[in-house]
Each structure stands twice: as C-alpha cells, then as structure tokens.
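# Close look at the chain arrangement
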Amino acid sequence: MHFVIIGNSAAGVAAVETLRRPGGGASEITVVAGEPETAYSRCLLPDVLAGRRAEASIRLRPADFYRRLGVTLFSGVRAVELQPGEKKVLLKDGRELTYDRLLLATGAAAVRPELPGVRADGVFVLRTMADARALSAVARRVTAAVVAGGGLVGLKAALALKLAGVAGVTVVVASPRLLIRQLDERAAAMVEGELKEFGVQFIYNAGVKEFITGTGGRASGWRQDGGRFSPGEHLSGHGPDGGRELPAGCLSGVVLDDSRELPAGLAVVAKGVRPETELAARAGGRVGRGIKVDEYLCTSLPDVFAAGDCIEVTDRLTGQPVNSALWTLAFEQGRFAAANMLGQRRAYPAPLTRLNSARFGAVDVISVGRLDGPEVFTLDDPLSRTYRRLVFDGDRLAGFILAGRVDGAGVYTALVKSGRPVKQHIRALLGGRTGEVAVSGLMAR
Ligand SMILES: Cc1cc2nc3c(=O)[nH]c(=O)nc-3n(C[C@H](O)[C@H](O)[C@H](O)COP(=O)(O)OP(=O)(O)OC[C@H]3O[C@@H](n4cnc5c(N)ncnc54)[C@H](O)[C@@H]3O)c2cc1C
C-alpha cells in the first residue's frame, strides 16, 4: 500500500505518526511538502518574528523524523495536479507519484485583498516561516509599520513587530473594536489596554485602500541611519541592512479609506485565510467552505482523504458548515483521516470550531462556543485583572470568555462540550471555583 500525503504541517505530521503506529502495516509513505523547512508550529511564528525564539525551536519534530520513520519526503515542491482516475499526483518539478490512498493536508493560505500596491516590496502576510524571516529582516530597517486587521494574527504580528524594535506600529481595524469574532467589548478592551502598554496604536472603523511606494527619494517609515539600497534590491530579507534611499516599488506608506496617509516601511495584511482547495476542486472534488469530506474524512474523490485547514467541517454547537482553522483540530483530523486510510472506519465527531486562546503580554484570553445567548453572566474584577463571561442556553453552558486570568479554562471547555446541565453551579463557575463543579461528578458523566 502506498500512502501519499500532500502537506507537511499539523495534519500531515499527525497522519504520518498514525500510519506508522503499530498495526499500521508495512506501507510505503511519501510526503510532499510545499515548504522547504522541517514541519514547524505556525502558531509560534510571531515569537520568531519578535526575536524571542530561534527558528529551530519551533520545529514540530526532530529534523530526522521522517527518515527514522522510513518516510520519503519531497521537500520544497508543490503538487500541481491530482488525477484521481489514474491515482496519480503530478509535482511542479515534473515528477509523478502514484498512490493507493492520498491525504490532502494542504492547509490554508493568507488572503491578500486585491488593493493597489498590495504586491509592493514591504507588504507582507504572516503565514509561513519564509514570511516571518522576511518580516524580521525588514523590521530591523523600518521605524513605522501598519498592520491591516484586528484579528488574532494581526494583533500577534503587531506585538511581535513592537518587540522586534519597530518604533511605531499601528493596527488598522475595520470594526469598532478588536477581536470582534472572538471577544466581547470588555475582554477586547483588556487586550487593547495591554497592547497600548507596549506602544501599539489603533485606528478603528477604518480600512486600508492603497499601499503607496517610494520613488527613489527619502521615504517615511524607514530608518535614516543605514546605508543605501542596492539597485534592484528586494525587501524580502536578502539585502544589506539600512535604508536611506528607497527604490521605486518599496512601501513608504498606506492610504486609509478616508484618505488619511500613514507612513510605513512595512505593512502586514492580516485579513484571514483561504483554504487550499485547488487540487481537489480541479480534480472534480466537491468544495464548499473547504474541501467537503464525509464523517470518515474522505472527499468525494475515491481514496482521497482530507484533513486540517483545507476542509469544511460542521460546527458542533451551531450545526453550520465552516472551514476548519485551528491547530488542534488539524492535528486531530490528521489522526482520524490516517486511521480511515488504514481502513479502521473511525467517524470524526463534529468539532467545536469556536475555540480561541491567545496571550498578549500579561493578558491571556480564551473564548469558546457562543459569545451571546439568552442568558449572560459576567464577573469583572479589575483589581485581580479577571474577567469572565458565561453564556447559558437553558441549563447548559453554551460558551464563555475568560480574560486576564484564565484558570480552569479546561473545565469550562469540557462543560461546553458535554452539554450537561450546570446552571445550579453558576456562582462557583462565575467565581472561578471550577474545582467544585469538577468534583461534583458532572465532568465524569
Ligand atoms: C501566525 C499564526 C498564528 C496562529 N495561532 C494559532 C493559535 O494560537 N491557535 C490555533 O489553533 N491556530 C493558530 N493558527 C492556525 C494554525 O496554524 C492552523 O490551523 C494550522 O497550521 C493548520 O494546519 P494544517 O496542517 O491544516 O495546514 P497548514 O499549517 O496550513 O500547512 C499546510 C501545508 O501544506 C503545504 N501545501 C499546500 N498546498 C500544497 C501543494 N499543492 N503541494 C505541496 N504542499 C502544499 C503548505 O505549503 C503548508 O506547508 C495560527 C496561524 C498563524 C499563521
């Protein structure tokens, strides 16, 4: 049996480990990895950008992982065509692979809205190690940066740029507050307060309409203490340090919807992700908000499975189709898909897709499930920097937000997942005494 896996991140690595578990048989495994790096944690890219972690420290597995597992790895090459009839995959370098079962673990790519200047040198997204590397090289040379997007990735990028030494970092947010899909007003204000302590600035109810470039003269947003750019140099991290004169094509600022101009030598576009569905779609596979899969994570193409950010899942709480976009889900799906590739028939249960956690400086935030509902209870204690919002639907805890201190998050999450009646424990839950609820036996049932 020859298993081919396209994509070498959370879902791909989890699948390989499952296929190589005892009982997996003496199969041949080939991984096609679009990126040249050993698999790494995307969630920790902001730490690399901030200079707080070395690239090697965010590796998922040791560099010799695939060799030890007897897996063939094609690194830094993309699969360009899937021929399900012939059970063949064509690679960009001209190679062809035949498979018995295939896993699409192709993830997602960052969205770059088609705005004027969005392809200019100095305009980045933050999705890959190459992005983080290029961003940190440019961050050392600029004094002003703009981040377009007040979601999790945008805010992580903004803080990382600040920590990397960029003097002025401004986040342009389309909505009236930060993290509008993850947090309520109070929790968002706590995050905003913390980021402002670091010197990050915010502009709300605004969007970027254009990225403007230098014309060879002095540019705003660039350090004036370095050398000159060499002709034709690209700001993708390969040039010499410093930057007094800016060649045409390099970012010098952004224009907002209301025509305000902000100086910027660097911009990060953080406007969400788009599932990588192209291989499946072009081969005739069904695609909705991601590649459509059945409960065994099998696509509509024979012997082709899919897992991770590239698929559509049904949210457990809302019953709505959404694209899967969480690390833990990608990993879990990689395991389920591989088990099914081995013929074990393991049905993947509808996941909880509204589950976010992040840390900004000293402020932790976690939100799970519904953020609004018929009954909402809050506790706000500025002294201990603790904020809790519990959303009930009848007797069930349907969702929650924790900000500041997030102890017991695992218990609240388990209660949301279990759907058990816990309303009688409202005081303990709001007070953070989750131990009382856990020992009451509700968790075990
Ligand atoms: C900055 C940042 C912070 C994040 N923080 C969090 C967090 O705190 N919590 C959380 O849950 N999630 C977080 N995420 C999201 C998380 O990283 C993703 O959910 C997760 O990486 C998805 O894993 P995946 O294996 O499905 O795909 P991906 O990680 O997207 O990897 C897919 C891989 O497939 C490769 N590929 C695609 N197409 C092809 C092809 N045709 N041929 C060959 N290779 C191909 C790509 O190059 C890529 O390497 C964050 C993401 C980013 C960018």
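Residues numbered from 1 in each chain as written. Predicted model: local features only at pLDDT ≥ 70, side-chain atom pairs only at ≥ 80, totals over all residues. Heavy atoms only, no water.

Right, let's talk about helix 4 (residues 129–139) for a bit. Most of helix 4 sits out of view: nine of its 11 residues are buried. Looking at the buried positions of helix 4, the neighbouring elements they touch are helix 2 (45–49), strand 9 (123–124), helix 5 (152–163) and strand 16 (266–269). (Buried < 20%, exposed > 50% of the residue type's maximum accessible area, 1.4 Å probe, protein only. Helix = DSSP H or I, 4+ residues; strand = E, 2+ residues; numbered from the N terminus. Contact = heavy atoms within 4.5 Å.)

Next up on the list: the site of the ligand. Within the structure, the ligand sits among 31 residues, and S9, E35, R42, R127 and D309 are positioned closest to it. Within the backbone of G34, an N or O atom sits 3.0 Å from a nitrogen atom of the ligand. Secondary-structure elements contributing two or more residues to the shell around the ligand are helix 1 (10–19), strand 2 (28–33), helix 5 and helix 8 (327–341). For the shell around the ligand, a count of residues per class yields 18 nonpolar, seven polar and six charged. (Near = heavy atom within 4 Å. Polar contact = N/O pair within 3.5 Å; in protein donor to acceptor, adjacent residues only side chain to side chain. Nonpolar A, V, L, I, M, F, W, Y, C, P; charged D, E, K, R; others polar.)

Spatial strand order, 9-16-10-11-12: five strands in an open sheet with parallel pairing. This sheet does not close on itself; its edge strands, each paired only once, are strand 9 and strand 12 (200–203). Bridge count for strand 10 (residues 144–148) against strand 16 is four bridges, and the pairing is parallel. For V147, the partnering residue across the bridge sits in strand 16 and is V268. Against the sheet, helix 5 makes contact with strand 10, strand 11 (168–172), strand 12 and strand 16, and its axis sits at roughly 170° relative to strand 11, the strand it touches most. (Pairing = 2+ DSSP bridges. Axes fitted to C-alpha atoms, helices over the stretch in contact; angles between N-to-C directions.)

Below, the discussion takes up the sheet that holds strand 18 (residues 304–306). In space, the five strands of this open sheet follow the order 3-2-1-7-18, with parallel pairing throughout. The open sheet has two edge strands with one neighbour each: strand 3 (71–75) and strand 18. Taken over all neighbouring pairs, the strand axes of this sheet differ in orientation by 20° on average, direction set aside. Examined bridge by bridge, strand 2 and strand 3 share five bridges and lie parallel to one another. Directly across from I29, in strand 3, lies its bridge partner V71. Here helix 1 sits on the sheet and contacts strand 1 (2–6), strand 2, strand 3 and strand 7 (101–104); the angle it forms with strand 1, its principal contact strand, is near 160°.

Take the nonpolar core next. Proteins that are soluble and globular tend to have nonpolar side chains buried together. Residues I5, I6, V32, V89, L102, L103 and L104 are the most contacted members of the largest nonpolar core, which totals 54 residues. Those residues in contact with I5, other than ones at most four positions away along the chain, are G12, A15, V16, L19, I29, T30, V31, V32, L103 and A105. Counting 48 residues, the second-largest nonpolar core is a separate cluster that includes L155, F202, A358 and V365. (Core = buried A, V, L, I, M, F, W, Y, C linked by side-chain atoms within 4.5 Å.)

Before going further, it helps to spend a moment on the environment of A63. Residue position: A63 is located in the loop between helix 2 and helix 3 (65–68). With a relative accessible area of 55%, A63 lands in the exposed category. Sequence spacing of A63 and L402 is 339 residues, and the spatial spacing of their C-alpha atoms is 37 Å.

Okay, the pattern of salt bridges next. One pass over the structure, following the stated rule, counts 28 salt bridges. When the shortest N-O distance is used, the salt bridge between R133 and E55 registers 2.7 Å. With R133 in helix 4 and E55 in the loop between helix 2 and helix 3, this residue pair connects regions lying 78 residues apart in the sequence. Judged by relative accessible area, R133 falls into the partly exposed class, the value being 36%. With a closest N to O distance of 3.6 Å, R67 and D64 form a salt bridge. Residue R67 is classed as exposed on the basis of its relative accessible area, which comes to 63%. Overall, the relative accessible area of 26% leaves D64 in the partly exposed class. (Salt bridge = Lys/Arg side-chain N within 4 Å of Asp/Glu carboxyl O.)

What follows covers the pairing of strand 16. Burial along strand 16 is two-sided: L266 and V268 facing one way and A267 and V269 facing the other are all buried. For strand 9 and strand 16, the ladder comprises two bridges, and the chain directions are parallel. Of the residues in strand 16, the one forming a bridge with V123 is A267.

Reported here for the second largest pocket is a volume of approximately 210 Å³. V293, D294, E312, V313 and T314 are the residues nearest the centre of the second largest pocket, which is lined by 16 residues in total. (1 Å grid on protein atoms, 1.4 Å probe; cavity = no way out; pocket = protein on both sides within 12 Å on 5 of 7 lines; lining within 4 Å. Points joined across faces, edges and corners; volume = space filled by probe spheres on them.)

This part covers the domain arrangement of the protein. As assigned here, the protein comprises domain 1 (2–109 + 273–341), domain 2 (123–269) and domain 3 (362–439). Its C-alpha centre places domain 1 at a distance of 34 Å from the equivalent point of domain 3. (Domains from an automatic or database assignment.)

All right, on to helix 6 (residues 185–197) then. Counted at 1.5 Å a residue, the expected span for helix 6 with its 13 residues is 18 Å, and the 18 Å between its end C-alpha atoms agrees. A187, A188, M190, V191, E192, E194 and L195 are the residues of helix 6 that are buried. Packing partners of the buried residues in helix 6 comprise helix 5, strand 12, strand 21 (355–360), strand 22 (363–369), strand 24 (386–393) and strand 25 (396–404). Positive backbone phi, at 100°, marks G199, one or two positions downstream of helix 6. (Expected span 1.5 Å × (residues − 1).)

Here we take up the confidence of the model for the protein. Taken over all residues, the pLDDT of the protein has a mean of 91, while the share at 70 or more is 91%. Low pLDDT, under 50, characterises residues 226–244; the stretch is placed with 44 contacts to residues that sit more than four places away or in other chains. (pLDDT = per-residue confidence, 0-100.)

The subject of this paragraph is empty space enclosed by the protein. Across all of its chains, the model carries one cavity of 30 Å³ or more by this definition. Its boundaries defined by the atoms lining it, the largest cavity holds a volume of some 30 Å³. In terms of lining residues, the largest cavity is bounded by L152, L179, Q182, L183, N356, S357, A358, V365 and S367. Within the residue set of the lining of the largest cavity, elements represented by two or more residues are strand 21 and strand 22. A class-by-class count of the residues in the lining of the largest cavity yields five nonpolar, four polar and no charged.

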